[in-house]
Amino acid sequence: MQIWTHIGLIAVGMAVLAGCDAIRRAPDAERDGLEVAVFEGGYGIGWHRSVAEAFEAETGMPVDLWGDPRLDDKLKPRLLRGDPPDVILAHHLPLWLLIASDAVHPLNDSLQLPAPGSATPWGEAFFPGMLSSFSSEGTVYAVPSAFGAWMGWYDARMFREYGWEVPQTWMEFLELCEAIKAEGIAPLTFQGKYPIYAWWTLGLLLHRSGGTDLINRLNALEPGAFEDPDAVRAARLLQELAQAHFQPGALAMTHTESQLQFVNGRAAMVFCGVWLENEMRASIPPGFDLRPFNVPGVPGGKGNPTAVLGEGTEFLFVPANAAHPEEAAAFCRFMVSPARAASLASEIGVISPLSGATPREAVSPALGSVLDIVENAEGIFALRHRMLLPRWANQVLIPQLGALLEGRVTPEAFCAALERGVQAMVADPDVIIPPAVAYDPAMLGEPIS
């Protein structure tokens, strides 16, 4: 691989995985069929098992699919020993270090083949930007099995009852918050024990303030980008929103506690990913009419307010020393395909990362409204820092977000801290930083006045 000058990182990558003996051995070529390991989180693994059964029935190749909430910890020693599963869906493995160590199988050949249920090459079927998180110099090493977008959420029934309208501008949004408070209801709740939930709202405000140019500069880790006046303005808007309109006590709530406040009507809105409905399904009361809205444009902002902050999630990859790498790549293509999109939506409430693949009849009204927003968007964008720089995210971003929301730091100090942290990562020879792929401003449209 040519993009990293620090190929000695293989030792670092293996040390990150575990502190045990890194003796490697050949994969188990005699393994009878594929082994697929899946993180068992909020989506469970029932749908994944049904996909494995369908793949086995269609190809005749046995599939042993298993899951565990502590999957990453269980896989680290196996990656070290050199006998990994054939396909992995894990959340917190140091994937870029594995890629730099030539320990991940490229998926480009499979991306050129048609996905089941479509004549379109698999790689061309994804929403824009979905393959960029773990790709470099034209080589793709992992594919998302879900589409994640960040939305504001409200109860349309409550809005109808009080005569409130979905805001189209930031000023309308703030006026709505004041109208909600006048009724004795908290405008917004927040998952305060986990400040990372504010990262995506900040990302939308960064785009709305500074447009595509600022997003591209941030993704390129350009010096000074986080201290740009538009970035400081975005941080100020977020802090002012938290200080004026977050539900009292929200900064001490877990994600489920705050979201319960929302579905129980004690707060009128919440910012969250498209997984919200699935996560709160058992708690949403009858008659609750969950609907999304996009973060509106800000006065004088440079970003088109129809653009959606969206990214791939639930990434699948094939270890380079998998016993059956080609069949494993075929399984990934089978799972993330138009043919599986309907069951993905209807069974676990997930939007496919393939553009236009999720049937309207398979989704709830809430997710159907998300599809409306995405289909009418000028483009989809994301910030790559969280997945690219996990140490920065944990040690700098998360504590600084908490301090910003609580008012313990100024927006200027917040942005300066993020900037120092990013540049420290850039200067660290042990950090993997592939080139950024810039967004085309034409794709994201011009600002709407």
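Please refer to the structure higher up on the page.
This one's a predicted model, so the numbers in the text were calculated from it and none came from an experiment.

Caption draft 1: Molecular detail of the environment of Val-143. Within the secondary structure layout, Val-143 lies in strand S6 (residues 143-155). Among the residues examined, Val-143 registers a relative accessible area of 0% and is labelled buried. Counting along the chain gives 13 residues from Val-143 to Met-130, while the straight-line C-alpha distance between them is 7.7 Å. In this view, Val-143 contacts Leu-107, Leu-111, Trp-122, Phe-126, Leu-131, Glu-314, Phe-315 and Leu-316; residues no more than four positions away in its chain are not counted.

Caption draft 2: Here's a closer look at the packing of helix H8 (residues 197-219) against helix H16 (residues 390-406). Running from N to C, H8 and H16 point in directions that differ by 80°, and their axes come no closer than 10 Å. By the angle class used here, H8 and H16 are roughly perpendicular. Judged by residue contacts, Ala-198, Trp-199 and Leu-202 of H8 engage Trp-392, Leu-397, Leu-401 and Leu-405 from H16. Broken down by class, the residue content of the contact of H8 with H16 amounts to seven nonpolar, no polar and no charged.

Caption draft 3: Examining the packing of helix H2 (residues 46-59) against helix H13 (residues 338-348) more closely. Two elements in contact, H2 and H13, have axes whose closest approach is 10 Å; the angle formed by their N-to-C orientations is 155°. One element, H2, and the other, H13, form an angle in the roughly antiparallel class. For the pair H2 and H13, the crossing hand works out as right-handed. Residues Trp-47, Ser-50 and Val-51 of H2 pack against Arg-340, Ser-343, Leu-344, Glu-347 and Ile-348 of H13. Residue composition of the contact of H2 with H13, grouped by class: four nonpolar, two polar and two charged.

Caption draft 4: Highlighting the pairing of S6. When you tally the buried positions in S6, you get 13 out of 13 residues, the bulk of the element. Pairing of S6 with strand S10 (residues 308-317) involves six bridges; the strand directions are antiparallel. Bridging from a neighbouring strand, Ala-149 pairs with Gly-310 of S10. As paired elements, S6 and strand S8 (residues 267-273) share five bridges and run antiparallel to each other. If you follow Trp-153 over to S8, its bridge partner there is Val-270. Here S6 runs beside strand S9 (residues 290-293); their pairing, made up of four bridges, is antiparallel. Directly across from Gly-152, in S9, lies its bridge partner Phe-293.

Criteria and cut-off values
Residues numbered from 1 in each chain as written. Predicted model: local features only at pLDDT ≥ 70, side-chain atom pairs only at ≥ 80, totals over all residues. Heavy atoms only, no water. Helix = DSSP H or I, 4+ residues; strand = E, 2+ residues; numbered from the N terminus. Buried < 20%, exposed > 50% of the residue type's maximum accessible area, 1.4 Å probe, protein only. Contact = heavy atoms within 4.5 Å. Axes fitted to C-alpha atoms, helices over the stretch in contact; angles between N-to-C directions. Parallel < 35°, antiparallel > 145°, perpendicular 65-115°, else oblique. Nonpolar A, V, L, I, M, F, W, Y, C, P; charged D, E, K, R; others polar. Left-handed = near helix turned anticlockwise from the far one by under 90°. Pairing = 2+ DSSP bridges.

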